[in-house]
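Residues per chain, in single letters:
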Amino acid sequence: MTHGQSAGNRPGLRERKKQRTRDDLLRAALELFTTQGYEQTTVDEIVEAVDVSQRTFFRYFANKEDTTFAVQEMVESRFIAELRARPADEAPFEAMRRAVLSAWNSIGEAIEEVITVDLHMRTYRMIESTPSLLAAHMRRGVALENQIARLIAEREGLDVDRDPRPRVAVAAFSGVMRVTGQLWGQGQDSSVEALRDLTEEYLDQLVPALAGDWRQPAGEAAQGGADSGAS
């Protein structure tokens with residue numbers, strides 16, 4: 001190996017070391033949050049668990065809240081990337097449905113490279129049961145919905161501030177995502193596959209629930225919605 005090749009490899013090694021430090025801080029923070037409580041945990045305890053300085057912590061995270069939502073932000077970023085990549089001729093809801101299912105197909109391994117799925121579920125439950133984090137979760141959700149609505153409007157050539165349809169579609173989609181997340185968090189199966197399957201099941205019921213005859217058996221209502229959508 002030449003000197004030039006060696007020098008060229010060094011930035012890659014540095015980046016991997018930075019990523020390991022960030023992942024270590026994230027794991028330590030979430031473990032502490034979920035075992036002794038979010039409010040009770042200090043940044044000093046997090047950095048002590050990893051044997052780094054506070055300065056190092058703040059190089060990677062703005063605050064404790066930032067660590068709490070780091071994995072969720074990774075999932076959301078994957079979803080946005082998948083949505084941007086969907087074919088332009090797909091209807092908005094179908095594009096969102098396929099994007100989220102495709103994201104869950106590929107995100108499981110990425111999550112497990114950072115934290116265990118069990119820790120991810122425990123973190124979700126902690127957020128739901130911690131008022132300050134739940135408020136932050138809702139605030140982040142509103143910001144994400146606005147981003148998705150603008151992306152959908154851009155895909156359809158619409159003005160999101162004049163046409164209500166992108167926001168309405170995204171609000172319905174986001175509502176289903178919140179419900180499935182809560183059900184997954186309350187369930188016994190903590191796998192990503194379980195969350196994906198639950199998401200698909202509930203998304204497939206969105207159109208029948210809004211337009212179908214609820215007095216029909218669920219399967220018939222779903223079939224009716226599919227038939228009407230195909231006509």
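What comes next is a walk through the structure. (Residues numbered from 1 in each chain as written. Predicted model: local features only at pLDDT ≥ 70, side-chain atom pairs only at ≥ 80, totals over all residues. Heavy atoms only, no water.)

### So, the overall build of the chain
Phase 1 of the analysis: In terms of regular secondary structure, the chain is built from 12 helices and zero strands.
Phase 2 of the analysis: For the chain, the succession of helices and strands along the chain, N to C, is α-α-α-α-α-α-α-α-α-α-α-α.
Phase 3 of the analysis: Within the chain, buried positions represent 40% of all 231 residues.
Phase 4 of the analysis: The long-range share in the chain, meaning contacts at least 24 apart out of those at least 6 apart in sequence, stands at 64%.
Phase 5 of the analysis: A total accessible area of about 13,300 Å² is found for the chain, and carbon and sulfur atoms account for 51% of it. (Helix = DSSP H or I, 4+ residues; strand = E, 2+ residues; numbered from the N terminus. Buried < 20%, exposed > 50% of the residue type's maximum accessible area, 1.4 Å probe, protein only. Contact = heavy atoms within 4.5 Å. Areas by Shrake-Rupley, 256 points an atom, 1.4 Å probe, with all protein chains shown as cover.)

### A closer look at a nonpolar patch on the surface
Phase 1 of the analysis: On the surface, Val179, Leu183 and Tyr202 cluster together into a nonpolar patch covering about 210 Å² of accessible area.
Phase 2 of the analysis: Take Leu183: it is sitting in helix H9 (residues 165-186).
Phase 3 of the analysis: According to the relative accessible area criterion, Leu183 is partly exposed, its value standing at 33%. (Patch = residues over 30% accessible without salt bridge, like charges linked within 9 Å, V, L, I, M, F, W, Y side chains within 5 Å. Salt bridge = Lys/Arg side-chain N within 4 Å of Asp/Glu carboxyl O.)

### Some words on the packing of H9 against helix H10 (residues 192-203)
Phase 1 of the analysis: Where H9 meets H10, the axes come as close as 9 Å, and the angle between the chain directions of the two elements is 140 degrees. The angle between the axes of H9 and H10 places the two elements in the oblique class. When you trace H9 past H10, the crossing you get is right-handed. In contact with Phe173, Val176, Met177, Val179, Thr180, Gly181, Leu183 and Trp184 of H9, H10 contributes Ala194, Leu195, Leu198, Thr199, Tyr202 and Leu203.
Phase 2 of the analysis: Looking at the contact of H9 with H10 residue by residue, the classes come out as 11 nonpolar, three polar and no charged. (Axes fitted to C-alpha atoms, helices over the stretch in contact; angles between N-to-C directions. Parallel < 35°, antiparallel > 145°, perpendicular 65-115°, else oblique. Left-handed = near helix turned anticlockwise from the far one by under 90°. Nonpolar A, V, L, I, M, F, W, Y, C, P; charged D, E, K, R; others polar.)

### A look at unusual backbone geometry
Across the chain, the bulk of peptide bonds are trans and the bulk of non-glycine residues have phi less than zero.
Phase 1 of the analysis: Phi at Asp51 takes a positive value of approximately 65 degrees, unusual for a residue other than glycine.
Phase 2 of the analysis: Along the chain, Asp51 falls in the loop between helix H2 (43-50) and helix H3 (54-60).

### Things to note about the nonpolar core
Phase 1 of the analysis: In terms of nonpolar packing, the biggest core is built from 60 residues, with Phe79, Leu83 and Ile148 touching the most fellow members.
Phase 2 of the analysis: No other element matches the 11 residues that helix H6 (residues 92-112) contributes to this core.
Phase 3 of the analysis: Non-local contacts of Leu83, meaning those with residues more than four positions away in its chain, are made with Ala95, Met96, Ala99, Ile148, Leu151, Ile152 and Arg155. (Core = buried A, V, L, I, M, F, W, Y, C linked by side-chain atoms within 4.5 Å.)

### Some thoughts on the pattern of salt bridges
Two side chains with opposite charge may pair up if their charged atoms get near one another.
Phase 1 of the analysis: Per the counting criterion, the structure on display carries 18 salt bridges.
Phase 2 of the analysis: Here Arg139 and Glu65 are joined by a salt bridge, their closest N and O atoms 3.1 Å apart. Linking Arg139 in helix H8 (residues 131-156) with Glu65 in helix H4 (residues 64-68), this pair joins segments that are 74 residues apart in sequence.
Phase 3 of the analysis: Classification of Glu65 as partly exposed rests on a relative accessible area of 26%.
Phase 4 of the analysis: Notably, a salt bridge pairs Arg165 with Asp163, separated by 2.6 Å at the nearest N-O pair.
Phase 5 of the analysis: The exposure class of Arg165 is exposed, given its relative accessible area of 56%.
Phase 6 of the analysis: Several salt bridges converge on common partners, so that one network encompasses Arg86, Glu90, Glu94, Arg97, Arg98, Arg196, Glu200 and Asp204.

### Digging into the packing of aromatic side chains
Phase 1 of the analysis: Counted by the stated rule, this structure contains six aromatic pairs.
Phase 2 of the analysis: When the ring of Phe57 is compared with that of Phe58, the centres are 5.1 Å apart and the planes differ by 90 degrees; the resulting orientation is edge-to-face.
Phase 3 of the analysis: Under the relative-accessibility criterion, Phe58 is labelled partly exposed at 41%.
Phase 4 of the analysis: The interplanar angle of 75 degrees and the centroid separation of 6.3 Å between the aromatic rings of Tyr124 and Trp184 together place this pair among those described as edge-to-face. On the criterion of sequence distance, the pair formed by Tyr124 in helix H7 (residues 117-129) and Trp184 in helix H9 is long-range, its members being 60 residues apart. Of the two residues, Tyr124 and Trp184, neither departs from the other in class, the shared state being buried.
Phase 5 of the analysis: Ring-pair connections join several aromatic residues into one group, and the members of that group are Phe57, Phe58 and Phe61.
Phase 6 of the analysis: Across from the ring centre of Tyr38, 4.4 Å away, lies the NZ or CZ of Lys64, which sits over that ring. (Phe/Tyr/Trp six-rings, centres within 6.5 Å; stacked < 30°, edge-to-face > 60°. Lys NZ or Arg CZ within 6 Å of the ring centre and 35° of its normal.)

### A short note on the environment of Glu201
Phase 1 of the analysis: As for its position among the elements, Glu201 is in helix H10.
Phase 2 of the analysis: The exposure class of Glu201 is partly exposed, given its relative accessible area of 48%.
Phase 3 of the analysis: Each C-alpha atom, one on Glu201 and one on Thr180, is 9.2 Å from the other, the two residues being 21 residues apart in sequence.

In short, shape yes, function no, at least from these values alone.
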